[in-house]
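What the coordinates show
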Amino acid sequence: MRVTVYSTRPYDREFLTRANGAGRHELVFLEARLDAATVAAADGAQAVCVFVNDRADAEVLRALHAGGVRLVALRCAGFNHVDLVAAATLGVEVGRVPEYSPYAVAEHTAALVLTLNRKLHRAYSRVREGNLALEGLLGFDLHGRTVGLVGTGRIGACFARIMAGFGCRVLATAPIANPECEALGVRYVELADLLARSDVVSLHCPLTPQTRHLIDADALASMKRGAMLINTSRGAVVDTRAVIAALKSGQLGSLGLDVYEEEADLFFRDLSDEVIHDDVFARLLTFPNVVVTGHQAFFTEDALSAIAETTVANLDSFETKGHALHPVSIEYLA
Ligand code: NAI
């Protein structure tokens with residue numbers, strides 16, 4: 001099957017080529033993102049393979065369908081960037097990678113907590129400059145502190161285990177309690193209670209209409225003064241402008257982000273020779289108590305192998321049986 005693979009970096013090509021074995025599918029790798037301007041590059045392909053910042057809206061899906069595409073294979077778990085109603089109407093199958101390595105994301109979340117708490121980002125630069133003073137590097141013991149998780153699916157549960165290992169009290173809020181977390185001693189509470197009691201709040205829910213800007217000015221105001229906020233889920237779960245105001249007032253003590261609402265025009269590219277035009281993002285980078293990584297939480301060898309293998313399994317299944325191994329159906333919107 002001919003597959004146009006959008007938004008590829010050298011590591012995507014390496015892992016997908018390996019998973020594709022002796023070349024079962026003809027993979028055409030493009031660096032460009034999928035959008036209305038690049039959709040024509042898929043003409044003649046039966047499938048496109050896309051990542052988190054590609055845009056499969058109704059217009060793009062109609063153009064893909066007209067060009068012969070019948071499968072959108074996502075190299076990620078989230079599908080908030082695909083118009084599922086339009087895909088179902090056109091008869092375009094959508095497949096995803098529901099699970100690859102929750103450990104990768106949970107461990108990166110822990111890395112952000114530790115970096116911010118012990119100021120490793122500042123210590124690293126200081127020591128290299130010969131500054132071995134400790135002023136400004138004061139942290140706190142995680143042991144005995146309260147960590148609040150918003151969402152306890154695969155990644156949230158894994159992060160709960162890591163934080164429990166540090167001796168933290170773990171609170172959580174989610175529509176459905178996870179028995180694995182309950183067995184670990186995680187206490188389920190309302191969001192308001194979680195925000196009021198947590199020293200660290202970490203987001204592990206999907207981006208849905210209900211979770212968009214879940215952490216807004218009111219939510220930030222109800223947090224403990226000086227608490228830490230970590231977002232490795234999806235950028236728009238947090239209202240970035242409200243977060244900047246809370247950082248300026250000192251209400252928010254520190255912020256770790258692996259995702260950003262407007263990341264599509266920034267992330268996965270080397271912009272070091274360019275001027276950043278996004279003033280909100282640029283402002284975030286000025287705070288000493290903010291650490292931003294560019295959607296790298298998933299980025300481990302284990303996760304890339306699993307993503308590539310499941311993606312090729314989705315392609316195989318669609319070619320032989322007419323549906324992806326892990327389809328995303330319109331019912332997911334319910
Ligand atoms: P999952 O589907 O296993 O778990 C999601 C959890 O969120 C479930 O417990 C669900 O009940 C809960 N939830 C849904 N709506 C909620 C709400 N309104 N309030 C509180 N909880 C709510 O998903 P998984 O695999 O744990 O991934 C979590 C998120 O992490 C993904 O949706 C994705 O956005 C993000 N992610 C980020 C990556 C990165 O590299 N930064 C990589 C992979 C996923």
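Overview of the structure.

Reading guide: rules and limits
- Residues numbered from 1 in each chain as written.
- Predicted model: local features only at pLDDT ≥ 70, side-chain atom pairs only at ≥ 80, totals over all residues.
- Heavy atoms only, no water.
- Helix = DSSP H or I, 4+ residues; strand = E, 2+ residues; numbered from the N terminus.
- Contact = heavy atoms within 4.5 Å.
- Polar contact = N/O pair within 3.5 Å; in protein donor to acceptor, adjacent residues only side chain to side chain.
- Buried < 20%, exposed > 50% of the residue type's maximum accessible area, 1.4 Å probe, protein only.
- Near = heavy atom within 4 Å.
- Areas by Shrake-Rupley, 256 points an atom, 1.4 Å probe, with all protein chains shown as cover.
- Nonpolar A, V, L, I, M, F, W, Y, C, P; charged D, E, K, R; others polar.

Some remarks on the environment of Arg24
- Relative to the helices and strands, Arg24 resides in the loop between helix H1 (10-19) and strand S2 (26-29).
- Measuring from C-alpha to C-alpha, the distance between Arg24 and Arg2 comes to 9.6 Å, with 22 residues separating the pair along the chain.
- If we skip the residues at most four places from it in the chain, Arg24 touches Met1, Ala19, Val312 and Asp316.
- In terms of polar contacts, Arg24 uses its side chain to reach the side chain of Asp316, at 3.1 Å.

Digging into the environment of Gly253
- Within the secondary structure layout, Gly253 lies in strand S11 (residues 252-257).
- Looking at Gly253, the relative accessible area reads 24%, which means it is partly exposed.
- It is 8.1 Å that separates the C-alpha atoms of Gly253 and Leu229, two residues lying 24 residues apart in sequence.
- Excluding residues that lie within four positions of it along the chain, Gly253 makes contacts with Gly226, Ala227 and Asn289.

Some details on the site of the ligand
- Near the ligand, the surroundings consist of 22 residues, among which Tyr100, Arg154, Ile155, Thr232 and Asp258 are the closest.
- A distance of 3.0 Å separates a nitrogen atom of the ligand from a polar side-chain atom of Asp258.
- The protein chains hide 82% of the 860 Å² of surface that the ligand would expose on its own.
- Partitioned by chemical class, the residues of the shell around the ligand number 10 nonpolar, nine polar and three charged.

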